[in-house]
Amino acid sequence: MRLLIEAHHPAHIHFFKYAIAEWQSQGAEVLMLGRDRDVMKRLLEAYSYIPSELASSLGSMTHFPFQEMLVRQFKVASRIIGFKPDAVLSLMGSYAQTSALFNVPNIVFTDSEFQHFNHRIAHPFAQRIYTPSCFEKDLGPKQRRYAGYHELAFLHPKRFQPDPSILEQLGSKAGGYLVVRVSAWDTLHDVGESGFGSALDEFMELALRHYQVWVVPERGKISERWREHLLKVPPHRFHDVLAHARFVLTEGASTAAEAACLGVPSVYVNSTSRGYLDDMQRRYGLVSSHDNSRSALKVVRAWLEQPPDAALMQGARDRLVEEHIDVTEFVVQEINELVR
């Protein structure tokens, strides 16, 4: 079996990394097409067992990256011709048209309802589309739902156990710091959306009165004022850092979900919603979602004065794990059945 995996975002590498190891142990050949952006390059270097190529670079026109899209279409096409995969896998499916052109099955895993552009251009050309059960859109007869979250592909306790040695590297203690994740707001799906905005300074000032704070800005974009709080650990150690945080403040949905899967509560500030975050909030209380910074600040103030009970959050996380599947195991089984 030969699988070509198209990865757009660091989280896509995490989603497939354990499945790739299992496929390789079964004798499959895998090739991942990444992007020439710092975190992705460093992750692929850290996971050196993943055969990979950088298919394109993140240019300056990130809101409308049509040039990069054309480059990636060409690269996907050339690797389909050269690598001869039995299937192309992705989390966005943006290049499903190329697979269809060469009559190669394209299988998409998606969990973001708001990515309407990708849904329109990709899904008609996909063979199958997998979504979590909590996904709030009906994608038609190609859709298959499963009881899981993307983050449980790499943060399920069968796959990941936090390494406490990261605390010494940070000079921190477990529960003694917060993680603040700041988005770059410069991609196509960010147009017209918002997060912390000008309230970031207020968030930081409040948090630093109570905790050590580590800031994780997307693509390193952060004001000079907060640069001394920049998290400086290898990107493949980020989840070790996240697992030992007291709570998380984030504009990024993936970080909020990752924290929840680790039993760490988060305040999510973003004008775009996600079915999986709503599900995590409603069923487990591990996420507090806000479409504006004012309401988020109220929760942050309350949590700084009286943080969520750690034992209660761990119990919620245990229920989350019990009520969902090992997503990597599901992905491997589904692809094996489809392709073989």
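See the structure printed just above.
Below you will find a few notes about this structure.

Rules and cut-offs
- Residues numbered from 1 in each chain as written.
- Predicted model: local features only at pLDDT ≥ 70, side-chain atom pairs only at ≥ 80, totals over all residues.
- Heavy atoms only, no water.
- Pairing = 2+ DSSP bridges.
- Helix = DSSP H or I, 4+ residues; strand = E, 2+ residues; numbered from the N terminus.
- Axes fitted to C-alpha atoms, helices over the stretch in contact; angles between N-to-C directions.
- Contact = heavy atoms within 4.5 Å.
- Phe/Tyr/Trp six-rings, centres within 6.5 Å; stacked < 30°, edge-to-face > 60°.
- Lys NZ or Arg CZ within 6 Å of the ring centre and 35° of its normal.
- 1 Å grid on protein atoms, 1.4 Å probe; cavity = no way out; pocket = protein on both sides within 12 Å on 5 of 7 lines; lining within 4 Å.
- Points joined across faces, edges and corners; volume = space filled by probe spheres on them.
- Nonpolar A, V, L, I, M, F, W, Y, C, P; charged D, E, K, R; others polar.
- Expected span 1.5 Å × (residues − 1).
- Buried < 20%, exposed > 50% of the residue type's maximum accessible area, 1.4 Å probe, protein only.
- Arc of directions from axis to C-beta.
- Polar contact = N/O pair within 3.5 Å; in protein donor to acceptor, adjacent residues only side chain to side chain.

All right, on to the sheet that holds strand E12 (residues 287-290) then. Ordered by their spatial adjacency, five strands build an open sheet running E9-E8-E10-E11-E12, and the pairing between neighbours is parallel. The strands lining the two open edges of the sheet, one partner per strand, are strand E9 (212-217) and E12. Adjacent strand axes in the sheet meet at a mean angle of 15 degrees when their direction is disregarded. Here strand E8 (residues 177-182) runs beside strand E10 (residues 247-250); their pairing, made up of four bridges, is parallel. Bridged to Val-180 within E10 is Leu-249. Sheet contacts for helix H10 (residues 275-284): strand E11 (266-269) and E12; angle to E12, the most-contacted strand, approximately 130 degrees. Relative to the sheet, helix H11 (residues 293-305) contacts E8, E10, E11 and E12, its axis offset from that of E11 by approximately 165 degrees.

Two numbers describe a pair of aromatic rings. These are the distance of the centres and the angle of the planes. Across all of its chains, the model carries 10 aromatic pairs by this definition. Consider the rings of Tyr-47 and Tyr-49, whose centres lie 6.4 Å apart with planes at 55 degrees: the pair is tilted. By way of ring pairs, the aromatic residues Phe-15, Phe-16, Phe-109, Tyr-130, Tyr-146 and Phe-330 are connected into one cluster. Directly above the aromatic system of Phe-83 lies the positively charged group of Arg-2, at a separation of 4.3 Å from the ring centroid.

Counted as a void, the second largest pocket has a volume near 270 Å³. Looking at the second largest pocket, it is lined by 18 residues, and the ones nearest its centre are Ala-243, Leu-262, Gly-263, Val-264 and Gln-314. Among the elements that take part in the lining of the second largest pocket, helix H12 (residues 310-322) stands out by supplying four residues, more than any other. Grouping the amino acids of the lining of the second largest pocket by side-chain chemistry returns 11 nonpolar, five polar and two charged.

Our next topic: empty space enclosed by the protein. Counting across every chain of the model gives two cavities of 30 Å³ or more. Taken as a whole, the largest cavity spans an internal volume of roughly 40 Å³. Forming the boundary of the largest cavity are Leu-178, Val-179, Val-180, Phe-203, Ala-207, Phe-247, Val-248, Leu-249 and Val-300. For the lining of the largest cavity, the secondary-structure elements that each account for two or more residues are E8, helix H7 (200-208) and E10. For the lining of the largest cavity, the residue count by class is nine nonpolar, no polar and no charged. Taken as a whole, the second largest cavity encloses approximately 30 Å³ of empty space. The wall of the second largest cavity is formed by 10 residues, among which Glu-6, Val-88, Tyr-95, Ala-96 and Asn-106 lie closest to the centre. Secondary structure elements with two or more residues in the lining of the second largest cavity: strand E4 (87-90) and helix H4 (96-101). Its residues placed into classes, the lining of the second largest cavity shows four nonpolar, five polar and one charged.

With that out of the way, let us pick up H12. Each α-helix turn comprises 3.6 residues. Residues three or four places apart therefore point the same way. Look at H12: 18 Å from first C-alpha to last across 13 residues, which is about the 18 Å you get at 1.5 Å a residue. Along H12, the residues classified as buried are Met-313, Ala-316, Arg-317, Leu-320 and Val-321. Down the axis of H12, the sector holding all buried residues measures 140 degrees, keeping them to one side. Residues Ala-311, Leu-312 and Glu-322 are exposed on H12 and point more than 90 degrees away from its buried face. Contacts from the buried residues of H12 go to helix H9 (253-261) and H10. Among the residues of H12, the N-terminal cap falls to Asp-309, whose side-chain oxygen and the backbone nitrogen of Ala-311 are separated by 3.2 Å.

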